[in-house]
Amino acid sequence: MENTFEVRTDLAVEEKESFPGDGGEISGVSLREWHRSGSRIKMTEVKILDKKGEKAMGKPIGTYITLEADELSKKDEDYHREVSEELASQIERLLEGKKFRKPDFHVLVAGLGNSSVTPDSLGPRVLNNLQVTRHLKVQYGDDFLKGRSMPIISGIVPGVMAQTGMESAEILKGIIMETKPDLIIAIDALAARSVKRLGTTIQLTDTGIHPGSGVGNHRLSLTKDSLGIPVMAIGVPTVVGAAAIVHDTVSAMIGALSNKMETKGMGDFVEKLSSDDQYNLIKELLEPEFGPLYVTPPDIDETVKELSFTISEGIHLAFLGQEEA
């Protein structure tokens, strides 16, 4: 019988968690987890090494680094600074050996998403905070940035297809042809499987990005193959499927029912259903009545605002260095 169980997620770390054990046993996939000494950020690196790993994970071959920062939702400048510094460190690590410190290195930052829809506005908001430098080269000549050992940073908010009638990939191809950047960093809002990761998890990957894939709205991919230059993606989950929330709630309910003698039989009955069957049952009940709902936290506006500063600062630290940022 075909397995139709699928809770949509853009996070490689959540795909890893869907496998038995700790996820390190998946063929073609390597896993590393760590905390820096004194850090409040949990780091996870999932590397998809070959086609077997690609098929198992449902994601392209490459490196997926996840920063789990539970306190990101709080207004703590020191903590957000710590996250920015860690993000900068991981950006540098992914670019190691690619000569991104050369004076004429040009990075194009693309803020994907719809600025009019708060959960989808992370990319445009990051661009609002980005310190671009390419105009200085245009205005003062090639030697201006070279003399200061500053890279060329440009940015674009391509909008969404409903606004422009064009795919983001189509717009970026034109910009690449005219401005010839060495690297694209695409910023996008993601979909998660777990509520606890909304606004508290940052995923960084060197595989590019597949806009809308987490919510089943597939757009043209932004990858090295499609655009001709390396594409790094930074994303934060801002929505989760309603069926996944109910599934998590049912799991918690099973535990509560099973712990009480008077309801133990009921809990045992539901528990005997596989995770696939539980999820599919919930999906069958919810979607005909309400459609494929996606849920976002009530404070998402403030969360996205804070995250946009944190991510833009991480980019500044990675490319402009401590003093300039």
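Bear in mind that the values here come from a model prediction, so they are computed numbers and not experimental data.

**Regarding helix 8 (residues 168-179)**
The end-to-end C-alpha distance of helix 8 is 16 Å, a good match for the 16 Å that 12 residues give at a rise of 1.5 Å each. At the exit of helix 8 stands lysine 180, carrying a positive phi of roughly 50 degrees.

**Quick word on the packing of helix 4 (residues 122-129) against helix 13 (residues 300-319)**
Here helix 4 crosses helix 13 at 50 degrees, and the two axes come no closer than 8 Å. In terms of orientation, helix 4 and helix 13 fall into the oblique class. The two elements helix 4 and helix 13 cross, and the hand of that crossing is right-handed. Of helix 13, the residues touching helix 4 (which contributes Leu122, Arg125, Val126 and Asn129) are Asp301, Val304, Lys305, Leu307, Ser308, Phe309, Ile311, Ser312, Ile315 and His316. Residues of the contact of helix 4 with helix 13, tallied by class, amount to seven nonpolar, four polar and three charged.

**A few points about the environment of serine 89**
As for its placement among the helices and strands, serine 89 is situated in helix 3 (residues 77-94). It is 8.5 Å that separates the C-alpha atoms of serine 89 and leucine 317, two residues lying 228 residues apart in sequence.

**A short note on the packing of aromatic side chains**
Scanning all chains against the criterion turns up two aromatic pairs. Taking the centre distance of 6.3 Å and the plane angle of 10 degrees together, the rings of phenylalanine 105 and phenylalanine 319 count as stacked. Taken together, the residues span a long stretch of sequence, with phenylalanine 105 in the loop between helix 3 and strand 4 (106-111) and phenylalanine 319 in helix 13 at a distance of 214 residues. Side by side, phenylalanine 105 and phenylalanine 319 carry an identical accessibility label, which is buried. A cation sits over an aromatic face here: arginine 32 above tryptophan 34, 3.7 Å from the ring centre. Directly above the ring of phenylalanine 144 sits arginine 148, whose terminal nitrogen or CZ lies 3.9 Å from the centroid.

Thresholds, definitions, all that
- All residue numbers here refer to positions counted from 1 along the written sequence of the relevant chain.
- For this predicted model, a pLDDT threshold of at least 70 governs which residues receive local features, and a threshold of 80 or more governs which side-chain atom pairs are given and counted, while totals over whole chains, interfaces and linings are taken from all residues.
- The basis for every side-chain value is the complete set of non-hydrogen atoms in the structure, without hydrogens or water.
- We count a stretch as a helix when DSSP gives it H or I for four or more residues in a row; a strand needs E for two or more, and each element gets its number in order from the N terminus.
- Multiplying 1.5 Å by the residue count of a helix minus one yields the expected span of that helix.
- Every axis in this analysis is a line fitted to C-alpha atoms, fitted for helices over the stretch in contact. Angles between the N-to-C directions lie between 0 and 180 degrees.
- Here the word oblique covers every angle except those under 35 degrees (roughly parallel), over 145 (roughly antiparallel) and from 65 to 115 (roughly perpendicular).
- By convention, the crossing between two helices is left-handed when the near helix turns anticlockwise from the far helix through less than a right angle, and right-handed when the turn is clockwise.
- For this analysis, residues touch if any pair of their heavy atoms sits within 4.5 Å.
- Ten residue types, Ala, Val, Leu, Ile, Met, Phe, Trp, Tyr, Cys and Pro, are classed as nonpolar, four, Asp, Glu, Lys and Arg, as charged, and the remainder, Gly among them, as polar.
- Whether two aromatic rings pair depends on their centres lying within 6.5 Å, for rings of Phe, Tyr and Trp, where Trp uses its six-membered ring; planes under 30 degrees apart make the pair stacked, over 60 edge-to-face, and the rest tilted.
- For the exposure calls, accessible area comes from a 1.4 Å probe over protein chains only, and a residue counts as buried if that area is under 20% of its type's maximum, exposed if over 50%, partly exposed in between.
- To sit over a ring, a charge needs its Lys NZ or Arg CZ within 6 Å of the ring centre and within 35 degrees of the ring normal.

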